[in-house]
There are 4 protein chains.
Amino acid sequence: MTDPYTPTKDDKFSFGLWTVGWQGVDVFGGAVRPRLDPVEAVHRLAELGAAAVTFHDDDLVPDDATRTRELERFTKALAETGLGVEMATTNLFGHPVFKDGGLTANDRDVRRYALAKVLRNIDLAAELGAKTYVLWGGREGAESGATKDVAAALDRYKESLDLLCGYVREQGYDIRFALEPKPNEPRGDILLPTVGHALAFIESLDESSRVGLNPEVGHEEMAGLNYAHGIAQALWHGKLFHIDLNGQHGPRFDQDLRFGAGNVRGAFWVVDTVESGGYDGPLHFDYKPPRTEDDAGVWASAAACMRNYLILRAKVTAFRADPEVQQALRASGADQLAQPTLAGGETWRDIQGVTVDADELGRRGLAYEHLDQLALEHLYGVR
Amino acid sequence: MTDPYTPTKDDKFSFGLWTVGWQGVDVFGGAVRPRLDPVEAVHRLAELGAAAVTFHDDDLVPDDATRTRELERFTKALAETGLGVEMATTNLFGHPVFKDGGLTANDRDVRRYALAKVLRNIDLAAELGAKTYVLWGGREGAESGATKDVAAALDRYKESLDLLCGYVREQGYDIRFALEPKPNEPRGDILLPTVGHALAFIESLDESSRVGLNPEVGHEEMAGLNYAHGIAQALWHGKLFHIDLNGQHGPRFDQDLRFGAGNVRGAFWVVDTVESGGYDGPLHFDYKPPRTEDDAGVWASAAACMRNYLILRAKVTAFRADPEVQQALRASGADQLAQPTLAGGETWRDIQGVTVDADELGRRGLAYEHLDQLALEHLYGVR
Amino acid sequence: MTDPYTPTKDDKFSFGLWTVGWQGVDVFGGAVRPRLDPVEAVHRLAELGAAAVTFHDDDLVPDDATRTRELERFTKALAETGLGVEMATTNLFGHPVFKDGGLTANDRDVRRYALAKVLRNIDLAAELGAKTYVLWGGREGAESGATKDVAAALDRYKESLDLLCGYVREQGYDIRFALEPKPNEPRGDILLPTVGHALAFIESLDESSRVGLNPEVGHEEMAGLNYAHGIAQALWHGKLFHIDLNGQHGPRFDQDLRFGAGNVRGAFWVVDTVESGGYDGPLHFDYKPPRTEDDAGVWASAAACMRNYLILRAKVTAFRADPEVQQALRASGADQLAQPTLAGGETWRDIQGVTVDADELGRRGLAYEHLDQLALEHLYGVR
Amino acid sequence: MTDPYTPTKDDKFSFGLWTVGWQGVDVFGGAVRPRLDPVEAVHRLAELGAAAVTFHDDDLVPDDATRTRELERFTKALAETGLGVEMATTNLFGHPVFKDGGLTANDRDVRRYALAKVLRNIDLAAELGAKTYVLWGGREGAESGATKDVAAALDRYKESLDLLCGYVREQGYDIRFALEPKPNEPRGDILLPTVGHALAFIESLDESSRVGLNPEVGHEEMAGLNYAHGIAQALWHGKLFHIDLNGQHGPRFDQDLRFGAGNVRGAFWVVDTVESGGYDGPLHFDYKPPRTEDDAGVWASAAACMRNYLILRAKVTAFRADPEVQQALRASGADQLAQPTLAGGETWRDIQGVTVDADELGRRGLAYEHLDQLALEHLYGVR
């Protein structure tokens, strides 16, 4: 008998090299684990059932001197394991040169260098077969008011994205961009802080169809926002290009817990939204194995990310298939919401002057508690 | 000598009838003040220096039976005082019929009734001269996952806005709509929770040019977001149609403090952004006089809202005019950000391969602390 | 076959009359449900399997004129159902007279009246057999700095508690007091905002042994604090006299969700701490049936509170009994923590100069992710 | 004419070596500034007007091999500048050996090593004249429930503190301990998360009079708590032994902004509480110069911390001396709160049955908005 929660490549799970490779440096302490060779990461993730890896330029090729050799070793490992590279991104936050951001740094020289760094890594991304190129602007922001002209920064952000879209188009790369919002940390306030702000910004771009989102669970939850609602809106706009799954406990520092181990109730609805909302891209984990873990703990946590997704997928599938749930959905009128408010052919004239017995209508119970309790019992595994 | 912080009509300050009229009912206690007659509100606000009032239908005309008489009294008071009505909005949250929302209620009858209620009050808004019609969807949301299909809810929201835009167009009303985002309270999670989500949604509308935002200070700060950044982005999109000024102390219940008495440092940058960012609409206060206040305290707090704005306006004006500040802005490269990253005629080809001495560039200090300290000293009034 | 999650009186579940009786008034809307007769509440809760009810004076006897009759009806209902009254408390927050607090109101007349109101209801509590008397100081706080002298307020709080302890002692009542902390809402900042602050305050009292805590899940989580840690510390001090179970989604307004439906992962550890930490008092729910619910929804949500506790109790019992968990606990050294750092007879002299190979020791993995994943799988019901 | 905001040694300002010495390493990026020699720090801080420095063992003597020489250089610098060492503390969080904490690590070897490290640095603290020894347990906590037995951890914490108190007593050192609470970061949840929890814990110690608090502005504000209220309660318990001043913007990552540049309104009340609440110890800044700053920016930010304190001190002094404020305080009954609720000789018998006209009393306005507006205008510098 097979464990139903064992991942296979069909599940499309992927991991950033920087996730299992996180050495544990934080504001208060140094590295607790040695550098992880990307080649080892590929092999270990393949054994665990992942389908792909993703990378920042600096993760994979930290040093120009060894670039060719490292890329050879890496592509060989991919070939040996059958793992793909589904996404890539640029590190525009680690080096001191990016302390004020990359694409929106006040210093124009920094912005030009940042763009060059992105362009170079897009070439590598295309070469390795990535279909999504993520931009997380972690240092694009400010600690104080006058230091960053937000309108000018958005102009520069747009200028950069327009240039990058043109580049990809002209090169004929089969790559789409995905912006990753975050409200704060490491900057006091980051530009494009939520799913919503990034969605709005995208509409301003010259080639907005090439640009979508890569929302991260923890980033939205740091603002106290409902992540499932966020990706539902992104899907509604046709912009959920990629996804970053992890865990967080509300407004506080960026915890990057393994998926399933933060807001558990939220995770149930995240998986429900992913599975039933029309997203069919990679399921990418962007988390950090805690500093308490050694190498074995790193892989235990990586395996658990995938396992938790599969556990939750089974639950949401059972939830949606449960006849009692379907009845409760109807009882709550949840299915009515898909019905237009106006009947075919009606206009405002048909609505104007509509009256109801508001008191009577207000007394109708919606039985949401019953419906939600059914969901919770599926989550708890007692139905 | 005139007190420089005494408001006049030219300052375009306005107040919701429901602000000074708040009776103090909250989850834990009942009314502490009697109902405030809108006519008295108009007279008192006029004496304090306000230029306009705003209203929900239920504030002004709570009872159909007395509608005509109340409107006559109200318009008479406006005429006597010279106050205008600059904005109006619909109460789609107070009556039990709206316990699951209005425009996105699961119950279609409720949605139809809600639309009718909006249409009716738009007519009144137009009649009274309001140029902005606000939609705050405080009950449009959910406490639990399955009870609200977010995609369907956004469809209904769009359907409603499209209908309303058509109505205003066909009636020839000189009215624009302004959505007011809020992350939560009174619902567990509210749809269109931030400035960003609402901006993105607007782009989906049939007549998006008729719809913009009415962001409220406290609503963004409840999500830990930087309100000045939020309205700066709204202005960048051309969508800051109206503004709700008040105070809040970060993620917690909606405090609706008088303007200037919450996040003081934030308020400085809010006024700076309003004054220098191109907004020239009404300065509308949406706050609640605390339950500790009697009638005198109500008017003291209303006067303080305007006074604090004027104090801060004087400060930001002085800040921007201060030669030392201008030098500090240049030293920090803040002015460089307005310069395109690419020179005229450059393309990605000119950027590709750009190199810099990143270590050297990374060592350059940006002197943001000096610049921000200058701002702070203007705020403290010691420069 | 019996449903293992059906409550019985042995489970010691209790509910405040004000929970199932909440009519749904909030800052933005009015009552959605009619008043619930306490007698009906008693009967319905008994049918659902609760063991006891609790009350504020104003819940049970809102009107002096009908006091005698209402108490007769109520005690008759208790007798008929076998339900007990295990706790009582005073409403010092609803009436406008308490808008600045009760025991720490600036107005001395208010303080005296508040004390009298408490004394009177303690008599009723004793008469009805309550063993715990809760003090939630929801209005004891401030919106602004100068308005409340915190040191003086703590003096008055202590004066009140000392008086109340003396009263109970002199009356020979078998009653202990339990303070219920909350960080904010309805006041901007509430005195004794967390479990910790209240624990510290208790130590200052003349008869501190008579006073402990009644911590509420949501109140601690509104401050982003770990509730299980909080009650573990309260137990460590011997001060967990009572408990308020409900649900919350982090820093935002007080949601008062049904137990089990907020922070699900947190709820697992709450039940684990309650069950294994030595608490054996009533399991009291202090939640609010959402405004979306009618009468049926009220009882569905009440039943779900108990059911969720029993589901989680079964899970934590299985977790602690699981041999693989026990092995993982040992592997993580969790059991070592019970062992004193010094061996018997050792003093600082034996510690001074202790050296270790810190690098070697720092490389040891703690396997916490494995252990936590086991817990999570018990929570998910897949082990 | 002297600038009234120029610090002198009489102002008792002090800085941690690790503050101005922070090199900018965070989770997302590396060092942006070279190591700062403690000797240079001493000289620069002396020039700026500080009175003292403080240190972790690892700041001052990172390497045993150079310990003697470094201490000689350091003490020489102190002598040359007249700066004192007023506080010291132990780094029990940076090295991987402390990844699970020091005094409450599950691994007993780690705990013994941690204690030895503290003992050794207490000797140095005493030698250098420090009167306060701070314990910040930044790694004493957990990311997940089962990994840390909170009761056992508190036992070990108490064991450690009891040992340390005994050591200081037996050595005859004139040193008191100060615990520094923090809710989270770098651990998911930290033990003794707030001022309150630490105050309560102290009461459990064998020699509790030797142990007090070192509360940090940002740490309490990360939990949304009112810091001025927190230190007011600590003072009320006689436990404000030391203070850490900095800035924060509510629940998010630990920002460690310069003092005065976070919650400005809060800072006013912090200084008011410090100045009028009976604290007369050092005014210690625990902040981080942002990564955007070079060496000049570091000193600009350090100077600004002190300057902002002096600006605020002048404001709160003027506020308390303002006759209109004094009248407003009386009008608000703030002075009544110092008056006992019971008159001399009264007992509960005199309170029992007290009645008031609650409706009438509830109508009395408290004029808190007027009082707070006076405070705000002092803060804004317009009175």
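Residues numbered from 1 in each chain as written. Chains lettered and ligands numbered in written order. Predicted model: local features only at pLDDT ≥ 70, side-chain atom pairs only at ≥ 80, totals over all residues. Heavy atoms only, no water.

S.K.: Tell me what's going on with the overall build of chain A, and back it up with residues and numbers.
M.R.: On a plain count of helices and strands, chain A comes out with 15 helices and ten strands. Scaling as 2.2 N^0.38, a compact globule of 383 residues should have a C-alpha radius of gyration of about 21 Å, and chain A matches this with 23 Å. With the C-alpha coordinates aligned to their principal axes, the bounding extent of chain A is approximately 75 × 55 × 45 Å. Counting all 383 residues of chain A, 69% fall into the buried class. Total accessible area on chain A stands at roughly 11700 Å², and carbon and sulfur atoms take up 48% of it. In chain A, the 40 positive side-chain charges and the 59 negative ones have mean positions that sit 2 Å from each other. (Helix = DSSP H or I, 4+ residues; strand = E, 2+ residues; numbered from the N terminus. Rg over C-alpha atoms; globule rule 2.2 N^0.38 Å. Buried < 20%, exposed > 50% of the residue type's maximum accessible area, 1.4 Å probe, protein only. Areas by Shrake-Rupley, 256 points an atom, 1.4 Å probe, with all protein chains shown as cover. Lys, Arg positive; Asp, Glu negative; His and termini not counted. Charge placed at Lys NZ, Arg CZ, Asp CG, Glu CD.)

S.K.: Describe the side chain of D26(D), with residues and values.
M.R.: Mapping D26(D) onto the fold places it in the loop between α1 (17-20) and α2 (38-48). Given the relative accessible area of 8%, D26(D) is considered buried. Engagement of the side chain of D26(D) in a polar contact is seen with the backbone nitrogen of F28(D), the distance being 2.8 Å. A distance of 2.8 Å separates a polar side-chain atom of D26(D) from the backbone nitrogen of G29(D). Residues within four places of D26(D) in sequence aside, it is in contact with V25(A), D26(A), V27(A), R139(A), P186(A) and R291(D). (Polar contact = N/O pair within 3.5 Å; in protein donor to acceptor, adjacent residues only side chain to side chain. Contact = heavy atoms within 4.5 Å.)

S.K.: An account of the packing of aromatic side chains is requested, with residue identities and associated values reported.
M.R.: In this structure the tally under the stated criterion is 76 aromatic pairs over all chains. Relative to W236(B), the ring of F201(A) lies with its centre 5.8 Å away and its plane at 25°, an arrangement referred to as stacked. Separated into two different chains, F201(A) in helix α7 (residues 195-202) and W236(B) in helix α9 (residues 227-236) make up a pair that spans both. With a relative accessible area of 0%, F201(A) lands in the buried category. Through a chain of ring-to-ring contacts, the aromatic side chains of F13(A), F15(A), F259(A), F285(A), Y287(A) and Y309(A) assemble into a single cluster. We note R176(B) situated over the ring of F241(B); from NZ or CZ to the ring centre the distance is 3.5 Å. (Phe/Tyr/Trp six-rings, centres within 6.5 Å; stacked < 30°, edge-to-face > 60°. Lys NZ or Arg CZ within 6 Å of the ring centre and 35° of its normal.)

S.K.: Provide a residue-level description of unusual backbone geometry, including the pertinent values.
M.R.: Cis geometry marks the peptide bond from E185(C) to P186(C); its omega dihedral reads 15°. Along the chain, the position of P186(C) falls in the loop between β6 (176-180) and β7 (189-190). If you check the backbone angles, A367(C) has positive phi at about 55° while not being a glycine. Position of A367(C) among the secondary structure elements: in the loop between α14 (358-363) and α15 (368-380). Overall, A367(C) belongs to the partly exposed group, its relative accessible area being 27%. Its identity as a non-glycine residue notwithstanding, D256(D) has a phi of 50°, on the positive side. Relative to the assigned elements, D256(D) resides in the loop between β9 (244-245) and α10 (264-276).

S.K.: Quick one: what's the story with the relation of the copies chain B and chain A, residue by residue and with numbers?
M.R.: By a simple turn and slide, chain B fits onto chain A: the slide is 0.0 Å along the axis, the RMSD is 0.0 Å, and the turn is 180°. Accordingly, the operation relating the two chain copies is best matched by a two-fold axis. Interface overlap between copies: 100% of the residues of chain B at the interface are likewise at the interface in chain A, consistent with a symmetric, same-surface contact. (Least-squares fit on C-alpha atoms with pLDDT ≥ 70 in both.)

S.K.: With reference to specific residues and values, describe the relation of the copies chain C and chain B.
M.R.: Least-squares fitting of chain C to chain B yields an RMSD of 0.0 Å, with the superposition described by an axial translation of 0.0 Å and a rotation of 180°. Most of the interface of chain C is mirrored in chain B, where 100% of its interface residues again form contacts.

S.K.: Please set out the interface of chain C and chain B residue by residue, giving values where relevant.
M.R.: Across the boundary between the two partners, chain C contributes 31 residues, which contact 31 residues of chain B. Counting the surface lost from both chain C and chain B, the interface buries some 3000 Å², and carbon and sulfur atoms represent 58% of this. Area buried by chain C at its contact with chain B is led by F28(C), K99(C) and F253(C), which between them contribute 24% of it. Taken together, the connections running from chain C to chain B amount to four salt bridges. We note a salt bridge from D26(C) to R139(B), for which the minimum N-O separation is 2.9 Å. On the surface where chain C and chain B come into contact, there are eight residue pairs in polar contact (both at pLDDT 80 or more). Its residues assigned to classes, the side of chain C that touches chain B comprises twelve nonpolar, seven polar and twelve charged. (Buried area = accessible area lost by both parts, 1.4 Å probe. Salt bridge = Lys/Arg side-chain N within 4 Å of Asp/Glu carboxyl O. Nonpolar A, V, L, I, M, F, W, Y, C, P; charged D, E, K, R; others polar.)

S.K.: Residues and numbers for the interface of chain B and chain A, please.
M.R.: The interface of chain B with chain A comprises 100 residues on the first partner and 100 residues on the second. Summing both partners gives a buried area of about 8500 Å² for chain B against chain A, and 61% of it is carried by carbon and sulfur. At the surface where chain B touches chain A, the tally comes to six salt bridges. In this structure, D107(A) and R364(B) form a salt bridge, with 2.5 Å as the shortest nitrogen-oxygen distance. Put simply, chain B and chain A have 54 residue pairs in polar contact (both at pLDDT 80 or more) between them. When residues of the side of chain B that touches chain A are assigned to their parent elements, the largest contribution, 14 residues, is made by helix α6 (residues 150-171) of chain B.

S.K.: Can you explain the sheet that holds strand β1 (residues 13-16) of chain A? Please cite residues and give values.
M.R.: Note: strands within a sheet are paired through backbone hydrogen bonds, in either parallel or antiparallel orientation. Residues and elements named next belong to chain A. The strand order β8-β6-β4-β3-β2-β1-β10-β9 describes an open sheet built from eight strands, whose pairing is parallel. Every interior strand has two partners, whereas the edge strands, β8 (211-213) and β9 (244-245), have only one. Bridge analysis of strand β6 (residues 176-180) against β8 gives three bridges, and the strand direction is parallel. Looking at β8, one finds that L179 is bridged to L213. Across the sheet, helix α11 (residues 295-321) lies against β1, β9 and β10 (283-285), angled at about 145° from β1, the strand it touches most. (Pairing = 2+ DSSP bridges. Axes fitted to C-alpha atoms, helices over the stretch in contact; angles between N-to-C directions.)

S.K.: If you had to explain the pattern of salt bridges to someone new, which residues and values would you point to?
M.R.: Across all of its chains, the model carries 148 salt bridges over all chains by this definition. The residue R252(B) makes a salt bridge to D189(C) at a minimum N-O spacing of 3.4 Å. Of this pair, R252(B) sits in the loop between β9 (244-245) and α10 (264-276) while D189(C) sits in strand β7, each in a different chain. Side by side, R252(B) and D189(C) carry an identical accessibility label, which is buried. Between R258(B) and D372(D) there is a salt bridge, with its nearest N and O atoms 3.1 Å apart. Linking R258(B) in the loop between β9 and α10 with D372(D) in helix α15 (residues 368-380), this pair reaches from one chain into another.

S.K.: Give a detailed account of the sheet that holds strand β4 (residues 132-136) of chain D, specifying residues and quantitative values.
M.R.: Residues and elements named next belong to chain D. One open sheet accounts for eight strands, arranged β8-β6-β4-β3-β2-β1-β10-β9; its pairing is parallel. The outermost strands of the open sheet, each flanked by one partner alone, are β8 (211-213) and β9. Bridge count between β9 and strand β10 (residues 283-285): two bridges; the pairing is parallel. Looking at the pairing, D244 lines up with H284 of β10. Contacts from helix α7 (residues 195-202) reach β6 (176-180) and β8 within the one sheet, and its direction differs from that of β8 by about 170°.

S.K.: Which residues make up the packing of helix α5 (residues 108-127) of chain D against helix α6 (residues 150-171) of chain D, and what values go with them?
M.R.: Residues and elements named next belong to chain D. Contact pair α5 / α6: the axes reach a minimum separation of 11 Å and the direction vectors enclose 30°. Considering their axes alone, α5 and α6 lie roughly parallel with respect to each other. By crossing handedness, the relation of α5 to α6 is classed as right-handed. Contacts between α5 and α6 involve R111, L115, V118, L119, I122 and D123 from the first element and R156, S160, L163, L164, Y167 and V168 from the second. For the contact of α5 with α6, the per-class residue count stands at eight nonpolar, one polar and three charged. (Parallel < 35°, antiparallel > 145°, perpendicular 65-115°, else oblique. Left-handed = near helix turned anticlockwise from the far one by under 90°.)

S.K.: Go over helix α7 (residues 195-202) of chain B with me, naming the residues and quoting the values.
M.R.: The element α7(B) is extensively covered by neighbouring structure, given that eight of its eight residues are classed as buried. Every buried residue belonging to α7(B) is among V195(B), G196(B), H197(B), A198(B), L199(B), A200(B), F201(B) and I202(B), and all of these are buried.

S.K.: Explain helix α12 (residues 323-331) of chain D residue by residue, including any values.
M.R.: Residues and elements named next belong to chain D. Residues V325, A328 and L329 constitute the buried set of α12. Buried residues of α12, seen end-on, are gathered within an arc of 105° and therefore sit on one face of the element. Of the residues in α12, the exposed ones pointing more than 90 degrees away from the buried face are P323, Q327, R330 and A331. Where α12 is buried, its residues meet α11 (295-321) and α15. With a side-chain oxygen positioned 2.9 Å from the backbone nitrogen of E324, the residue opening α12 is D322. (Arc of directions from axis to C-beta.)

S.K.: I'd like a rundown of the packing of α10(B) against helix α15 (residues 368-380) of chain B, residues and numbers included.
M.R.: All names here are of chain B. Viewed as axis vectors pointing N to C, α10 and α15 meet at an angle of 95°, and their least axial separation amounts to 11 Å. Judged by the angle between their axes, α10 and α15 are roughly perpendicular. Side by side, α10 and α15 meet where V264, R265, F268 and W269 of the first sit next to D372, A375, H378 and L379 of the second.

S.K.: Report on the environment of L199(D), specifying residues and quantitative values.
M.R.: The residue L199(D) is located in helix α7 in this model. According to the relative accessible area criterion, L199(D) is buried, its value standing at 2%. When sequence neighbours within four positions are dropped, the list of residues in contact with L199(D) reads A200(C), L213(D), Q233(D), A234(D), H237(D) and K239(D).

Everything listed here is a matter of geometry and, on its own, says nothing about what the molecule does.
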